[in-house]
Amino acid sequence: MNLNPMEDPGVPALCPNWVYSSILNCHVARDREWFSDDYIPFSAQFKTDNEDKVPFTGIGTVMLRTKTSPYLMGLASHGRLRLDNVLHAPNAPCSVIGNPVIETYRVGVNLIPSIISGLICELDGRPWHT
């Protein structure tokens, strides 16, 4: 699935990897191009448990293009997942949907050995279509 919000083939591809973390209290995006026009640049660092320093260079809103259902085709099968107050960490290994997502969406994760899957939907259980 191509999550790249940029349609211009001349723009370098974004890191398409987004993971969900139920223990992270924020969202983190690796690439600046994911952010909307409300991006605010700033400079800060976060120290991890093993004393590594992770630099943050901004904050803003990210709209992820998504596939809302593997069973739908065409325009009805796509939506956007809105993430607010996303920190920009250019050195992150991938982007992270943090636990604040549960304030806006319902998240389900299945951790059956050898099968890990999940879903994100509206709080009332409907897939999002914004």
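All of the points below concern the structure found in this document. No experiment lies behind these values; they were computed from the predicted model shown.

1. A short note on the pairing of strand β5 (residues 78-88)
Two strands pair when backbone bridges link them, and strand β2 (residues 27-29) and β5 are joined in this way by 3 bridges, in the parallel orientation. Each residue of the ladder has a partner; that of H27, found in β5, is V86. Pairing analysis gives 9 bridges linking strand β4 (residues 53-67) to β5, with the strands arranged antiparallel. Residue pairing for β5: I59 is matched across the bridge by L87.

2. Observations regarding the packing of aromatic side chains
Counted according to the given criterion, the structure contains 2 aromatic pairs. Pairing W18 with W34 gives two aromatic rings, centres 5.5 Å apart and planes at 85°, and the pair type is edge-to-face. Taken together, the residues span a long stretch of sequence, with W18 in strand β1 (residues 18-20) and W34 in the loop between β2 and β3 (40-47) at a distance of 16 residues. We note that W18, like W34, is buried. Consider the rings of F35 and Y39, whose centres lie 5.0 Å apart with planes at 65°: the pair is edge-to-face. Y39 sits in the buried class, given a relative accessible area of 14%. Just above the ring of Y39 sits the side chain of R32; from NZ or CZ to the centre is 3.7 Å.

3. Observations regarding the nonpolar core
Counting residues in each nonpolar core, the largest one holds 15 residues, and the members touching the most others are W18, V62, L64, L83 and I97. With 3 residues, β5 is the largest single contributor of residues to this core. Apart from the residues lying within four places of it in its own chain, the contact partners of V62 are W18, A29, W34, F35, L81, R82, L83 and V86. Formed by 7 residues, the second largest nonpolar core is a distinct cluster that contains C26, F56, A89 and V96.

4. Some words on the environment of R30
Tracing the chain through its elements places R30 in the loop between β2 and β3. Leaving out residues up to four positions away in the same chain, R30 has contacts with C15, H88, A89, P90, A92, P93, C94 and S95.

5. Regarding unusual backbone geometry
Despite not being glycine, N85 shows a phi value in the positive range, around 55°. Note that N85 resides in strand β5. For N85, a relative accessible area of 55% corresponds to the exposed category.

Parameters at a glance
Residues numbered from 1 in each chain as written. Predicted model: local features only at pLDDT ≥ 70, side-chain atom pairs only at ≥ 80, totals over all residues. Heavy atoms only, no water. Pairing = 2+ DSSP bridges. Helix = DSSP H or I, 4+ residues; strand = E, 2+ residues; numbered from the N terminus. Phe/Tyr/Trp six-rings, centres within 6.5 Å; stacked < 30°, edge-to-face > 60°. Buried < 20%, exposed > 50% of the residue type's maximum accessible area, 1.4 Å probe, protein only. Lys NZ or Arg CZ within 6 Å of the ring centre and 35° of its normal. Core = buried A, V, L, I, M, F, W, Y, C linked by side-chain atoms within 4.5 Å. Contact = heavy atoms within 4.5 Å.

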